[in-house]
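Examination of the molecular architecture
Single-letter residue listing:
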Amino acid sequence: MGAIRVAYPIGMDPDAPIGMFDSGVGGLTVLHATLVRLPHEDVVYLGDTGRFPYGPRSQDELIAYGRELTGILVERGAKLIVVACNSATAAALPVLQQESPVPVLGVITPEAHAAVQATRLRKVGVLATEATVNSQRYVEAIHDLDAGIQVTQVACPGLAESIQGGEPYSERTLELVQLACVPLREAGVDVVVLGCTHYPLVRHMLQRELGTEVHTITAAEELAEEIAATLARKGWQRGDDHRGEYRFLATGDTEAFREEGTRFLQLPIGDVEHVPVADCL
Ligand code: DGL
């Protein structure tokens, strides 16, 4: 007699994939950490490259995009949605959580938690897009845990674009990194949150400007831990006899996604499926 298969309601099937999205390829840094941490899970990654960048966009636009992308991933059977984008998390996470039939995790809370634990001087820096800085979500999340921490936020307009644009290690990127680090050094922070999923690609550049005694925190590792703990506690992990598979959807040019994405993922990217969305150029 074969094993009895439990019919799980939507989102509860442990064999279902994790759904993950970002404005572009930056979230692949989160995917990389997730694939390393959870090698048995399947993941569908959706890059909204057709509407990149998110940093200069309004909260209303980011809520609309987040809704649409969450809907696509839910339709693909995701058991859990991961918003691997700080700008979208900052603007839209509560709305997505209220409307989604499956749980939605975002990047800001896990990093804020790690920053509060790590700082000895109780001075934390946050580097992020304009949308994320303007939302004040990092300040709120850090102060929810320790209201005495001094938070210095620095918006880095153009940095994600410079990193994603094919020349992440250019003079232009270096100039933007140097500019962003000045107020952080002046504030004497001992912990810096890389509050954009594109920034881990320039972590060494940042670390050189900040000094090695400054601890840098990325979404990738913190969120991978959060995903693992969430699946384990819900009992939704994939069995360890399964080798996890990952696949890609993009709203923009699929070839460009493949080329730019490989650097972020540090693993091969196979076929990329194009998915149409509203307002796409
Ligand atoms: N990766 C996105 C984030 O974490 C932002 C880059 C952008 O689209 O401006 O905020």
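Residue positions are given per chain, counting from 1 as you read along its sequence in written order. The predicted nature of this model means local features are confined to residues of pLDDT at least 70 and side-chain atom pairs, given and counted, to a pLDDT of 80 or more, with totals for whole chains, interfaces and linings taken over all residues. In computing side-chain properties, one takes all heavy atoms of the structure into account and sets aside hydrogens as well as water.

Here the focus is helix α3 (residues 86-99). With 14 residues, α3 extends 19 Å from end C-alpha to end C-alpha; this agrees with the ideal 20 Å at 1.5 Å per step. Of all the bends in α3, the greatest, near 70°, is centred on A92, and the proline P94 appears no more than four residues after it. Strands here mean DSSP runs of E at least two residues long; helices mean DSSP runs of H or I at least four residues long; both are numbered from the N terminus. The span one expects for a helix is its residue count, reduced by one, times 1.5 Å. The angle between axes fitted to the seven residues ending at a residue and the seven residues starting there is what we call the bend at that residue.

This paragraph deals with the sheet that holds strand β7 (residues 191-194). Spatial strand order, β6-β5-β7-β8: four strands in an open sheet with parallel pairing. At either end of the open sheet lies a strand with only one pairing partner, and these are β6 (150-155) and β8 (215-218). Averaged over all neighbouring strand pairs, the angle between strand axes comes to 20°, with direction disregarded. Strand pairing requires that DSSP identify at least two bridges connecting the strands. For strand β5 (residues 123-128) and β7, the ladder comprises four bridges, and the chain directions are parallel. Only the stretch in contact is used when fitting a helix axis, every axis being a line fitted to C-alpha atoms; angles between N-to-C directions are given from 0 to 180 degrees.

Residue placement: D42 occurs in the loop between α1 (28-37) and β2 (43-47). At 2.9 Å, the side chain of D42 forms a polar contact with the side chain of R238. Within the structure, the side chain of D42 is placed 2.8 Å from the backbone nitrogen of E245, a separation counted as a polar contact. Beyond its immediate chain neighbours, meaning those up to four positions away, D42 contacts D15, P17, I18, R238, H242, R243, G244 and E245. Side-chain atoms alone can form a polar contact between residues adjacent in sequence; in general such a contact is a pair of N or O atoms within 3.5 Å, and within protein one must be able to donate a hydrogen while the other accepts it. Only heavy atoms matter for contacts: two residues are in contact if any of them lie within 4.5 Å across the pair.

Attention shifts here to the nonpolar core. In terms of nonpolar packing, the biggest core is built from 52 residues, with M20, L28, L31, L127, I227, F248 and F257 touching the most fellow members. Beyond its immediate stretch of four places on either side in the chain, L127 contacts V154, C156, A180, L184, V192, V193, L194, G195, C196, Y199 and L206. Only buried Ala, Val, Leu, Ile, Met, Phe, Trp, Tyr and Cys residues count toward a nonpolar core, and they belong to the same one when joined by side-chain atoms within 4.5 Å. Residue burial is assigned from relative accessible area. The probe radius is 1.4 Å, only protein chains are included, and a residue is buried under 20% of its type maximum, exposed over 50%, and partly exposed in between.

This part takes up the packing of aromatic side chains. Pairing of aromatic rings covers Phe, Tyr and the six-membered ring of Trp, with a centre-to-centre limit of 6.5 Å; geometry is then stacked below 30 degrees between planes, edge-to-face above 60, and tilted otherwise. Scanning the entire structure with this criterion turns up five aromatic pairs. Between Y54 and Y65, the aromatic rings sit 5.7 Å apart at their centres with planes inclined by 40°, giving tilted as the arrangement. Here Y54, found in the loop between β2 and α2 (59-75), pairs with Y65, found in helix α2; they are 11 residues apart in sequence, far enough to count as distant. Assigned by exposure class, Y54 and Y65 land together as buried. With centroids separated by 5.8 Å and ring planes inclined at 50°, the aromatic side chains of F248 and F257 adopt a geometry described as tilted. Among the residues examined, F248 registers a relative accessible area of 2% and is labelled buried.

Moving on: the pattern of salt bridges. By definition here, a salt bridge exists when the distance from a side-chain nitrogen of Lys or Arg to a carboxyl oxygen of Asp or Glu is within 4 Å. Summed over the entire model, instances satisfying the criterion amount to 13 salt bridges. A salt bridge links R238 to D15; its shortest N-O distance comes to 3.2 Å. Highlighted residues: R238 in the loop between α10 (219-234) and β9 (246-250) and D15 in the segment before β1 (18-22), separated in sequence by 223 residues. Overall, D15 belongs to the partly exposed group, its relative accessible area being 32%. Of the charged contacts, one joins E68 and R51 as a salt bridge, the two residues approaching to 2.8 Å between their closest N and O atoms. Highlighted residues: E68 in helix α2 and R51 in the loop between β2 and α2, separated in sequence by 17 residues. Taking relative accessible area as the criterion, E68 reaches 26% and is therefore assigned partly exposed. What makes R51 buried here is its relative accessible area of 1%. Overlapping salt bridges bring together D15, D42 and R238 as one network.

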